[in-house]
Amino acid sequence: MGAAGVALAAAASHGGDTLFLGSASTMCLAHAPVLLGLYLGHKHIRTATVAAMILGLGTIVFAGDLVSRHYLGDRLFPLAAPFGGTMMMLGWLAVAAGAFFRTQNR
């Protein structure tokens, strides 16, 4: 996801649509380190696996829709970007919920 974010940033800065490709790049680059952190902290954050799956899927769908709009001229599927954005918000709520659930390792 981090590599995709860098590639999308490069595409946006070298003549691509900065609205679509730049936004897709931003979401990928913002969520890649979070996914790594959730992986590294999964023993201490009970909701880490679920949160990572939701965040990852949401980011892929959101960024995929923006990339599809740029390169194919059409949406990935109807309401893909709002669906992906909603998934990312739910993923962040799942990360926050992890603060309220104790793990067995504590």
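Refer to the structure printed above.
Residues numbered from 1 in each chain as written. Predicted model: local features only at pLDDT ≥ 70, side-chain atom pairs only at ≥ 80, totals over all residues. Heavy atoms only, no water.

**Student:** Quick question: what am I supposed to make of the environment of Gly-56 here?
**Tutor:** Structurally, Gly-56 is set in helix 3 (residues 48–72). The spacing of Gly-56 and Leu-38 is 18 residues in sequence and 11 Å in space, taken between C-alpha atoms. Look past the residues within four positions of Gly-56 in its chain and what remains in contact with it is Met-1 and Leu-35. (Helix = DSSP H or I, 4+ residues; strand = E, 2+ residues; numbered from the N terminus. Contact = heavy atoms within 4.5 Å.)

**Student:** How do you make sense of the nonpolar core when you look at a structure like this?
**Tutor:** Within soluble globular proteins, side chains that are nonpolar generally end up buried alongside one another. Counting residues in each nonpolar core, the largest one holds 18 residues, and the members touching the most others are Leu-8, Ala-24, Leu-38, Leu-55, Phe-62 and Leu-66. Within the residue set of this core, elements represented by two or more residues are helix 1 (2–13), helix 2 (20–40), helix 3 and helix 4 (80–97). Considering each element in turn, this core owes the most residues, seven residues, to helix 2. Setting aside its immediate chain neighbours within four residues, Ala-24 contacts Leu-8, Ala-63, Leu-66 and Val-67. (Core = buried A, V, L, I, M, F, W, Y, C linked by side-chain atoms within 4.5 Å. Buried < 20%, exposed > 50% of the residue type's maximum accessible area, 1.4 Å probe, protein only.)

**Student:** Could you clarify how one ought to interpret the side chain of Asp-65 in this entry?
**Tutor:** Relative to the helices and strands, Asp-65 resides in helix 3. At 2.8 Å, the side chain of Asp-65 and the backbone nitrogen of Leu-76 are in polar contact. Leave out the neighbours within four places in its chain, and Asp-65 touches Arg-75, Leu-76, Phe-77, Ala-80 and Ala-81. (Polar contact = N/O pair within 3.5 Å; in protein donor to acceptor, adjacent residues only side chain to side chain.)

**Student:** Explain helix 3 here, please?
**Tutor:** Each turn of an α-helix holds 3.6 residues, which means side chains three or four residues apart point in the same direction. Compared with the 36 Å implied by 1.5 Å per residue over 25 residues, the 34 Å span of helix 3 between its first and last C-alpha is a close match. Among the residues of helix 3, Ala-48, Ala-51, Leu-55, Gly-56, Gly-58, Thr-59, Val-61, Phe-62, Ala-63, Asp-65, Leu-66 and Ser-68 are the ones counted as buried. Trailing helix 3 by a residue or two, Gly-73 shows a phi angle of about 75°, which is positive. (Expected span 1.5 Å × (residues − 1).)

**Student:** Would you mind going over the packing of helix 2 against helix 3 with me for this structure?
**Tutor:** How two helices pack is summed up by the angle between their axes together with the distance between the axes. As a packed pair, helix 2 and helix 3 sit with axes 9 Å apart at the nearest point and diverge in direction by 165°. With respect to helix 3, the element helix 2 is oriented roughly antiparallel. In the crossing of helix 2 with helix 3, the sense of the turn from one axis to the other is left-handed. (Axes fitted to C-alpha atoms, helices over the stretch in contact; angles between N-to-C directions. Parallel < 35°, antiparallel > 145°, perpendicular 65-115°, else oblique. Left-handed = near helix turned anticlockwise from the far one by under 90°.)

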